[in-house]
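# Coordinates in review
Residue-level listing of the chains:
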Amino acid sequence: MPPVFAHGRLRLYLLKLLDEAPRHGYEVIRLLEERFQGLYAPSAGTVYPRLAKLEAEGLVTYATEGGRKVYSITEAGRAELADRRGELADLELEIRDSVSELAAEIRADVRGAAGDLRREMRAAASATATPVEDASWAAAKEELRKAKHEWKEQARRAKDESRRAREEAQQARRQAKEAQERAREEVQRIAAQFQEQFAKSGGMLGSLAGAWLGGGSGSAHSGTGATSAKSAAASGSDWAEDLTATADPARDLDRLLDRFRDDVRDAARDHGVSPAQLAEARAHLAAAAARVTGTLRDTL
């Protein structure tokens, strides 16, 4: 018997079944048998320990209904299922191959049994002067006919299941690829917008950094803070000038944000942060975040 599930794959398929609907353990076993067209049915000793382990890991939960545990997938379980979407598509292909292999074994067994039956009938016929046309002979022919019919039916079901699994796997891969392409195009579009808006703003992030470090207008403190504000405002257009632009706007944006964060942290470490400064800094950050995100969302 070839292995139906590779190591760890039954766990993934149990999450898929529970994502479809809450189910109790016996129903999971029955569904697996149906998916394999009756060619494979896992034992309770295989399914229930794995459900218990998934529950201990927080991927599934259960409620008792009518004396039985009905398992449901959790958000953590759905997250793992989403992260392993490509692996699940491969698993569908593996199931198709497993069904094909099981069907091949059954076909070989049926052929072997049919061959043995023919040999037995020939031996019985040769032991008498005339063919044996009694009840035993008729029963043997009926058994042979049933065996052939069962083999053809199982082969047909295995072929249908194999085709369905292949189509579902191909569709899942197409959807995943399309989602990746859309995400990449959206990131590139936003990055291009930001780069152009940043160039038009004359160093907007530098001004925001100056507002944070110096406290901006209406500051509750003076002295060093006011001096820092003037210095930051004066150098806003030259801020992060040493960061050479690349061909990737999204990466350039990440580098600018890293420099902004480092400057703020350095200022806080060198001069300390009072409760009043923290409150004022929060207001500046909120305004900066609103202005930057608004810039990114504007249609060029």
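Each chain carries its own residue numbering, running from 1 in the direction its sequence is written. Per-residue local features of the predicted model are confined to residues with pLDDT of at least 70, and side-chain atom pairs are confined, for both listing and counting, to 80 or more; whole-chain, interface and lining totals are unaffected and use all residues. Remark: hydrogens and water are excluded; side-chain values derive from all non-hydrogen atoms of the structure.

## Topic: the sheet that holds strand β3 (residues 68-73)
Across the sheet, 3 strands lie side by side as β1-β3-β2; this open sheet has antiparallel pairing. Where the open sheet ends on each side, the last strands, each with one partner, are β1 (23-24) and β2 (60-65). Strand pairing follows a simple DSSP-based rule, namely that at least 2 bridges must link the two strands. Starting at the N terminus, helices and strands are each numbered in turn, a helix being any DSSP run of H or I of at least four residues and a strand any DSSP run of E of at least two. Note: β1 against β3, 2 bridges, orientation antiparallel. When the bridges of β3 are listed, Arg-23 appears paired with Tyr-71. Two residues qualify as a contact provided that any one of their heavy atoms is within 4.5 Å of a heavy atom in the partner residue. To get an axis, a line is fitted to the C-alpha atoms, and for a helix only the part in contact is used. The angle between two axes follows their N-to-C directions and goes from 0 to 180 degrees. Along the sheet face, helix α1 (residues 9-20) touches β1, β2 and β3 and points at about 95° away from the line of β3.

## With respect to the pattern of salt bridges
A carboxyl oxygen of Asp or Glu within 4 Å of a side-chain nitrogen of Lys or Arg is what we treat as a salt bridge. Per the counting criterion, the structure on display carries 21 salt bridges. Between Glu-34 and Arg-30 there is a salt bridge, and its shortest N-O distance comes to 2.7 Å. Pair noted here: Glu-34 and Arg-30 are both in helix α2 (residues 25-35), with a separation of 4 residues, about one helical turn. Only protein chains enter the accessibility calculation, which uses a 1.4 Å probe; a residue whose area is less than 20% of its type maximum is buried, one above 50% is exposed, and one in between is partly exposed. Given the relative accessible area of 43%, Glu-34 is considered partly exposed. One salt bridge connects Asp-266 with Arg-269, and the closest N-O pair in it is separated by 3.1 Å. On the criterion of helical spacing, the pair formed by Asp-266 and Arg-269 is a turn pair, its members being 3 residues apart in helix α9 (residues 249-271). Note on Asp-266: relative accessible area 31%, which makes it partly exposed.

## Some details on helix α10 (residues 275-297)
Here α10 is 23 residues long and its end C-alpha atoms lie 33 Å apart, about the 33 Å a rise of 1.5 Å per residue gives. Buried within α10 are the following residues: Glu-280, Ala-281, Ala-288, Val-292, Thr-295 and Leu-296. Each residue after the first adds 1.5 Å to the expected span of a helix.

## Observations regarding the side chain of His-24
Looking at where His-24 falls in the secondary structure, it is placed in strand β1. Residue classification places His-24 among the buried residues on the basis of a relative accessible area of 14%. Every residue in contact with His-24, bar those within four places of it in the chain, is listed here: Arg-68, Lys-69 and Val-70.

## Quick look at the nonpolar core
Most often, soluble globular proteins have nonpolar side chains that are buried together. In plain words, nonpolar cores are sets of buried Ala, Val, Leu, Ile, Met, Phe, Trp, Tyr and Cys residues tied together by side-chain atoms within 4.5 Å. Ranked by internal contacts, the top residues of the largest apolar core, which has 23 residues, are Leu-14, Leu-15, Leu-18, Val-28, Leu-32 and Val-47. Every element with two or more residues in this core is listed here: α1, α2, α3 (44-56), β3 and α5 (85-126). It is α1 that contributes the most residues to this core, 7 residues altogether. In terms of nonpolar packing, the next biggest core, distinct from the first, is built from 5 residues, Trp-239, Ala-240, Leu-256 and Val-264 among them.

## Some words on the packing of α2 against α3
Relative to each other, α2 and α3 sit at 125°, their axes nearing to 10 Å. Between α2 and α3, the interaxial angle falls into the category oblique. Helix-helix and strand crossings are classified by hand; for α2 and α3 the assignment is right-handed. Counting all contacts with α2, which are made through Gly-25, Tyr-26, Val-28, Ile-29 and Leu-32, the residues of α3 involved are Ala-44, Val-47, Tyr-48 and Leu-51. Within the contact of α2 with α3, the residues separate by chemical class into 8 nonpolar, 1 polar and no charged. Angles below 35 degrees are treated as roughly parallel, those above 145 as roughly antiparallel, those between 65 and 115 as roughly perpendicular, and all remaining angles as oblique. Less than a right angle of anticlockwise turn of the near helix away from the far helix marks a crossing as left-handed, whereas a clockwise turn marks it as right-handed. In this classification, Asp, Glu, Lys and Arg are treated as charged, Ala, Val, Leu, Ile, Met, Phe, Trp, Tyr, Cys and Pro as nonpolar, and every other residue, Gly included, as polar.

## What to know about the packing of α1 against α2
At their nearest, the axes of α1 and α2 sit 11 Å apart, and the two run at 105° to each other. Here α2 runs roughly perpendicular to α1, going by the angle between their axes. Contacts between α1 and α2 involve Leu-10, Tyr-13, Leu-14, Lys-16, Leu-17, Leu-18 and Glu-20 from the former and Val-28, Leu-32 and Arg-35 from the latter. Per-class residue counts for the contact of α1 with α2 are 7 nonpolar, no polar and 3 charged.

## Quick notes on the pairing of β2
The side chains of a regular strand alternate, first on one face of the sheet and then on the other. Here 6 bridges tie β2 to β3, and the two strands are oriented antiparallel to one another. Note on β3: the bridge partner recorded for Thr-61 is Ser-72. Between β2 and β3, which pair antiparallel one after the other, the connecting turn spans 2 residues, and Gly-66 there sits at a positive phi close to 60°.

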